[in-house]
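# Observations on chain architecture
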Amino acid sequence: MISEAQKQQMAEAVARIRATMAEAARRAGRDPAEVSLCAACKTRTVEEVRYSADLPIDLFGENHVQELVEKNDAGAYNGKPGHFIGHLQTNKVNKVVGRAALIQSVDSTRLLDKIDAAAARLGLTQDILIEINIGAEESKSGVGPDDLWPLLEAAAAREHLQVRGLMAIPPADADDDQTRRFFARMRELLAEAAARQYEHTRMDILSMGMSHDYAMAIEEGATIVRVGTAIYGARDYSKK
């Protein structure tokens, strides 16, 4: 059960975030309407997500397939898009394709194959982003910037998916200057990918920035920011 205090906290948090987003966009000479707020709702209950869906949140991001299935099928997003933003295992692709409006974390030709095949069976085109391991971290998924091009070429040959852009998570231990450089590099990669005009691509989405750095990400070109704890508060992993 969500308390009235929780509801008020969420509403006030989203209002603050939207104001910060708008200010960051204006500083960069951008229209605030160009940037979508993705509520990263990992570990949040159906009830929490359903309430937050009435707030000025544009879409929801899930890290775990089971949670995407549960919340999507319960109608928790209230008609707003649900994106898959976590590492996607190939054996779970069938549960995500058709449920997720966008899969943000594609990083291999094997995953491309599975998504394309699942979308073909459903008779739809699945929108995806390519995840870039922008900080070259061994612990993170995603492809290196140099490996983006062969992956885009592979995607261009598949008829039932469309690459909409790129996603990244800079290293957590990077300082502000380093993080800004990573974000700027992502903007450059998106522009170069768009200029190459691959088939089955529409490079109009740049997903980057989280609760601690989303304003900076917007200043550097993000079109989706993924914000979780700043909306819902600290996660209680003991519930999972």
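Above this note sits the structure.
My aim in this report is to walk through the structure given alongside it, one point at a time. (Residues numbered from 1 in each chain as written. Predicted model: local features only at pLDDT ≥ 70, side-chain atom pairs only at ≥ 80, totals over all residues. Heavy atoms only, no water.)

### Examining the nonpolar core
Residues I130 and L166 are the most contacted members of the largest nonpolar core, which totals 70 residues. If you tally residues by element for this core, the top one is helix α6 (residues 148–156), at 7 residues. Setting aside anything within four residues of it in sequence, one finds I130 in contact with Q104, V106, V143, L148, L151, L152, V163, G165, L166 and M167. The next biggest cluster of nonpolar side chains, apart from the first, holds 7 residues, and it includes L59, L102, M167 and I224. (Core = buried A, V, L, I, M, F, W, Y, C linked by side-chain atoms within 4.5 Å. Buried < 20%, exposed > 50% of the residue type's maximum accessible area, 1.4 Å probe, protein only. Helix = DSSP H or I, 4+ residues; strand = E, 2+ residues; numbered from the N terminus. Contact = heavy atoms within 4.5 Å.)

### Some thoughts on the pairing of strand β8 (residues 224–227)
Alternating residues of β8 divide into I224 and R226 and V225 and V227, and every residue in both groups is buried. Direction of pairing for strand β1 (residues 36–40) relative to β8: parallel, over a ladder of 4 bridges. Looking at the pairing, S36 lines up with I224 of β8. (Pairing = 2+ DSSP bridges.)

### Focus on the side chain of N133
Along the chain, N133 turns up in the loop between β5 (126–132) and α6. A polar contact is formed between the side chain of N133 and the backbone oxygen of K140, at a distance of 3.3 Å. Sequence-distant contacts of N133, defined by excluding residues within four places in its chain, comprise K140, S141, G142, V143 and P145. (Polar contact = N/O pair within 3.5 Å; in protein donor to acceptor, adjacent residues only side chain to side chain.)

### Regarding the pattern of salt bridges
Taken as a whole, this structure holds 17 salt bridges when the rule is applied. Among the ionic pairs, R158 bridges to D113, the shortest N-O distance being 2.6 Å. Taken together, the residues span a long stretch of sequence, with R158 in the loop between α6 and β6 (161–168) and D113 in helix α5 (residues 109–122) at a distance of 45 residues. R158 sits in the buried class, given a relative accessible area of 16%. (Salt bridge = Lys/Arg side-chain N within 4 Å of Asp/Glu carboxyl O.)

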